[in-house]
Amino acid sequence: MEKFTKLTGIAAPMPLVNIDTDMIIPKVHLKSIKRTGFGAHLFDEMRFNRDGTEIEEFVLNKPQYREASVLVAGDNFGCGSSREHAPWAIADFGIRCVISTSFADIFFNNCFKNGILPIVLPQEQVDVLMKDAEKGSNARVTVDLENQEITTSEGETIAFDVDAFKKHCLLNGLDDIGLTMEKAASIDSFEAKAGAERPWV
């Protein structure tokens, strides 16, 4: 998993509330268990017309937000089904951080397992970041995980909280498999000892 330390990039404003996982990646596109390829279908029904042409008004189709790496969203982001394809699609598109007043629990935890930093802030601070994001591509924000700070394009600093263990995993690029592999030496030692003591197993 890619490490998350400090990110500076364009923030896209998406003030809609209750954006569910089917809006993030519609079920018709859940045809693979690979983590790649889903970015093309991120927010598919909001980004594209039925004939495949882009909906110009959708934020990620606007020229200034096509390279967005931060998403400032409305309340209750990631609600609905528990599909892990939702954070896969977000990460594959290139978004590494989502900021909202609240997230659905399963989606929130799945983000950390896929290299995405979900940040929960009070409404007034999300409003500041939403307004900053509305400035377009010239307004770049910096998200510093180590120091737990967001810096707006105007230099305003906003602190955020994050679970210490989840922070450790993101900083070091550790998903569940990575965490297990940190114990590889102990696992190998146990297997060798068990094999010697019980060769019939």
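These figures come from a predicted structure and were not determined experimentally.

What counts and how
Residues numbered from 1 in each chain as written. Predicted model: local features only at pLDDT ≥ 70, side-chain atom pairs only at ≥ 80, totals over all residues. Heavy atoms only, no water. Helix = DSSP H or I, 4+ residues; strand = E, 2+ residues; numbered from the N terminus. Buried < 20%, exposed > 50% of the residue type's maximum accessible area, 1.4 Å probe, protein only. Contact = heavy atoms within 4.5 Å. Areas by Shrake-Rupley, 256 points an atom, 1.4 Å probe, with all protein chains shown as cover. Lys, Arg positive; Asp, Glu negative; His and termini not counted. Charge placed at Lys NZ, Arg CZ, Asp CG, Glu CD. Arc of directions from axis to C-beta. Axes fitted to C-alpha atoms, helices over the stretch in contact; angles between N-to-C directions. Parallel < 35°, antiparallel > 145°, perpendicular 65-115°, else oblique. Left-handed = near helix turned anticlockwise from the far one by under 90°. Nonpolar A, V, L, I, M, F, W, Y, C, P; charged D, E, K, R; others polar. Phe/Tyr/Trp six-rings, centres within 6.5 Å; stacked < 30°, edge-to-face > 60°.

## What to know about the overall build of the protein
- Regarding its fold elements, the protein presents 8 helices and 7 strands.
- On the principal axes, the C-alpha backbone points of the protein span a range of 65 × 45 × 25 Å.
- Looking at the 201 residues of the protein, the share that counts as buried comes to 45%.
- The long-range share in the protein, meaning contacts at least 24 apart out of those at least 6 apart in sequence, stands at 66%.
- Counting only carbon and sulfur atoms, one obtains 51% of the accessible surface of the protein, whose full area is about 10800 Å².
- Of the side chains in the protein, 21 bear a positive and 31 a negative charge, and the two mean positions are spaced by 5 Å.

## Things to note about the environment of Gly80
- With respect to the helices and strands, the residue Gly80 is situated in the loop between strand S2 (70–73) and helix H3 (85–93).
- Aside from chain neighbours lying at most four places away, what touches Gly80 is Asp20 and Thr21.

## Considerations on helix H5 (residues 123–133)
- Along H5, the residues that are buried comprise Val126, Leu129, Met130, Asp132 and Ala133. End-on, the buried residues of H5 take up no more than an arc of 160 degrees, which puts them together on one face. Every exposed residue of H5 that faces more than 90 degrees away from the buried side is listed here: Glu124 and Lys131.
- Contacts made by the buried residues of H5 are with strand S1 (6–14), S2, strand S3 (97–100), strand S5 (140–144), strand S6 (149–151) and strand S7 (157–159).

## Quick word on the packing of H3 against helix H4 (residues 105–112)
- Closest axis-to-axis distance for the H3/H4 pair is 9 Å, and the angle between their directions is 45 degrees. In terms of orientation, H3 lies oblique with respect to H4. In the crossing of H3 with H4, the sense of the turn from one axis to the other is right-handed. Taking contact as the criterion, the partners of Ala86, Pro87 and Ile90 in H3 are, on H4, Phe107, Asn110 and Cys111.
- Here the contact of H3 with H4 is composed, by residue class, of 5 nonpolar, 1 polar and no charged.

## With respect to the packing of aromatic side chains
- On inspection of all chains with the given rule, the structure shows 7 aromatic pairs.
- Centre to centre, the rings of Phe38 and Trp88 are 5.9 Å apart; their planes meet at 40 degrees, and the pair counts as tilted. Placement of Phe38 in the loop between helix H1 (21–24) and helix H2 (44–47) and of Trp88 in helix H3 is noted, with a sequence separation of 50 residues between them. Neither residue differs from the other here; Phe38 and Trp88 are each classed as buried.
- Judged by centre distance (5.4 Å) and plane angle (65 degrees), the ring pair of Phe77 and Phe107 falls under edge-to-face. Linking Phe77 in the loop between S2 and H3 with Phe107 in helix H4, this pair joins segments that are 30 residues apart in sequence.

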